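Overview (structure and organization)
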Amino acid sequence: MKAIFTVVVLCMATSMSFSQEVALPWDSVGRVYVLTAEMESQLLLFPDVTNLTEARLFRATDGTLSVEITAKFREEVRRERRVLTDNQFRDLRQKFNERAAVTMPSIGLDQSGRSALLWGSTLWSLFYYAPMIMVAINPEKGNVAAALPYIIAPVLGYFIPAILTSKANVTDGASSLALGGMFQGAIHGWALAALIQGDDLDMSMGAGFSVVTGITESVVGFSVASSSAMTEGHASMINTTAFYGALSGLYTGLLIGSDDNDVDISARAAGGAGLAGAAAGVIIGNSLGSSRTYTGADAGIYAIDGFLGATLPLAILAAVKPDHIDPRVLFGTAIATTALGLYVGTQLVRGRDYNSTLGPVLSTLGGALIGLGTGILIGDTAPTYLWWVGAAGGFAISYLTADWRPEGENSDHSSLNFQINPLGIAALTMPELSRFPMPLASVSYRWR
């Protein structure tokens, strides 16, 4: 009896294994697995089915092909399975692709990053590019000068990108690299103008260069990411490393232009050093992004560590409070700690794919605020570096509790990315740059 029971169980297990099926896509590029009622209303693949709600294609382990149709009949939901021959299957998919190309041209496109791209380009145009165009063309005061920004922003930021991407693939990677170009390209424009004009930098020229380089880098970034099928994580690694490369380049220029007592660096040297650092950052970031699989969340953690590394010298100075410090020591330390922070970031995500950067970013920000608030409560005797300690502590806690999977087993998930403009910060302390408006920071969040 026991032997018979064992045979029956084995037979049942075998039959279950043979009943497993694989879902097949309707389209030729492998993105559409469910034919919805809305699609069917335009494609008319099953004219004999009334009130179709969905249809799916399957292939059994023995090679049998079938389509499963779900439809509503009065108050009931009915499911029908139709076995297909190879010719019927190919004919059905061919009809889908041919009719979808005419009635639903975007159905086979990957537009997962289009929403983020349109939001980003619209906001950047409204709050930065339109005002900078006004600075560049310097119209006479009046109704035209007041109205132009509101006309330029939606056209440049929304309508043109929307039209150009309506029937094109807009991946998360392409969106990320394009948005990075909008932010960092604007910075590079000011740096290029400073390199050309030096300390006599003209505001109109700087604004014009900023607009042109920002748009150019955005378009180039979109094109490169699209043609290379770049992932969001790879693109974010390039954006972040290029950003901190520009910062390190600026630090290097300040280091060279320093002596024991003060800093003497021209706008031309600062702009050139920043551009050289950004170019090096693009090369290094691309190399890092190609070396392994980074998710958008991995790249976000990498960026947080870069931020903590770049601001560490400020915390050290606040703790030591020296009577005098050689500027060369400050900038040299800043270069080293920035590089160290980015290196630590690559090690923290090695072998892991994180699900989201939302927790680490908010914990880092929350920790910094708690540290700052604690210092205010203590009063004048409070250490001024408490904000950095709080930020580092908040990040450490969130990192240790963050959800992750082994590398390669996870796809890109939600990510919160932020960048702070080093030239904008420099403008706060350098009189030759403080007269000119520059983008100070960029923040973006991607939902999954």
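Residues numbered from 1 in each chain as written. Predicted model: local features only at pLDDT ≥ 70, side-chain atom pairs only at ≥ 80, totals over all residues. Heavy atoms only, no water.

Time to look at the pattern of salt bridges. In this structure the tally under the stated criterion is 11 salt bridges. Arginine 82 is the salt-bridge partner of glutamate 80, the closest N and O atoms lying 2.9 Å from each other. For glutamate 80, a relative accessible area of 37% gives the class partly exposed. You can call arginine 82 partly exposed: its relative accessible area is 23%. Among the ionic contacts, a cluster of salt bridges with common partners joins Glu21, Glu68, Arg79 and Arg81. (Salt bridge = Lys/Arg side-chain N within 4 Å of Asp/Glu carboxyl O. Buried < 20%, exposed > 50% of the residue type's maximum accessible area, 1.4 Å probe, protein only.)

Pairing of strand S1 (residues 21-24) with strand S3 (residues 52-60) involves 4 bridges; the strand directions are antiparallel. Looking across to S3, one finds that glutamate 21 is bridged to alanine 60. Note: strand S2 (residues 35-36) against S3, 2 bridges, orientation antiparallel. Bridge pairing in S3 places leucine 35 opposite alanine 55. The sheet contact formed by S3 and strand S4 (residues 65-73) spans 7 bridges and is antiparallel. Bridged to leucine 52 within S4 is alanine 71. Counting the residues that bridge the hairpin from S3 to S4 gives 4 residues, and of these glycine 63 lies at a positive phi of roughly 95°. (Pairing = 2+ DSSP bridges. Helix = DSSP H or I, 4+ residues; strand = E, 2+ residues; numbered from the N terminus.)

With that settled, the discussion passes to the packing of aromatic side chains. In total, this model carries 12 aromatic pairs according to the counting rule given. Ring centres of tyrosine 128 and tyrosine 129 lie 5.4 Å apart, and the angle between their planes is 90°; this geometry places the pair in the edge-to-face category. Judged by relative accessible area, tyrosine 128 falls into the buried class, the value being 6%. Residue classification places tyrosine 129 among the buried residues on the basis of a relative accessible area of 3%. (Phe/Tyr/Trp six-rings, centres within 6.5 Å; stacked < 30°, edge-to-face > 60°.)

Relative to the helices and strands, threonine 165 is located in helix H5 (residues 143-165). A distance of 2.7 Å separates a polar side-chain atom of threonine 165 from the backbone oxygen of proline 161. Non-local contacts of threonine 165, meaning those with residues more than four positions away in its chain, are made with Gln111, Arg114, Leu117, Leu118, Val170 and Phe222. (Polar contact = N/O pair within 3.5 Å; in protein donor to acceptor, adjacent residues only side chain to side chain. Contact = heavy atoms within 4.5 Å.)

Attention shifts here to the pairing of S4. In terms of residue burial, S4 counts as a mostly covered element, since 7 of its 9 residues are buried. Both S4 and strand S5 (residues 76-84) contribute to a ladder of 9 bridges, which runs antiparallel. Following the sheet pairing, alanine 71 is matched in S5 by arginine 78. The hairpin turn running from S4 into S5, its antiparallel successor, is 2 residues long, and arginine 74 in that turn takes a positive phi close to 60°.

Time to look at the nonpolar core. If you look at soluble globular proteins, the nonpolar side chains tend to sit buried side by side. With 61 residues, the main nonpolar core has Leu117, Tyr128, Tyr129, Tyr244, Leu308 and Tyr354 as its most contacted residues. The greatest single-element share of this core, amounting to 11 residues, is contributed by helix H6 (residues 172-197). By size, the runner-up hydrophobic cluster in this structure holds 23 residues, among which are Leu24, Ile69, Phe89 and Ile107. (Core = buried A, V, L, I, M, F, W, Y, C linked by side-chain atoms within 4.5 Å.)

Moving on to H6. Taking 1.5 Å per residue as the helical rise, H6 with its 26 residues ought to reach 38 Å, and the 37 Å between its terminal C-alpha atoms agrees with that figure. Bending of H6 peaks at approximately 30° at the position of glutamine 184. With 22 of its 26 residues buried, H6 lies for the most part within the structure. Where H6 ends, the next residue or the one after it, glycine 198, has phi of about 70°, a positive value. (Expected span 1.5 Å × (residues − 1). Bend = angle between axes of the 7 residues up to and from the residue.)

Let us now look at the confidence of the model for the protein chain. Taken over all residues, the pLDDT of the protein chain has a mean of 84, while the share at 70 or more is 85%. Low pLDDT, under 50, characterises residues 7-18; the predicted model gives this stretch 2 contacts beyond four residues in sequence or across chains. In this model, residues 428-433 is a region of pLDDT below 50 whose contacts with residues beyond four sequence positions or in other chains number 8 contacts. (pLDDT = per-residue confidence, 0-100.)

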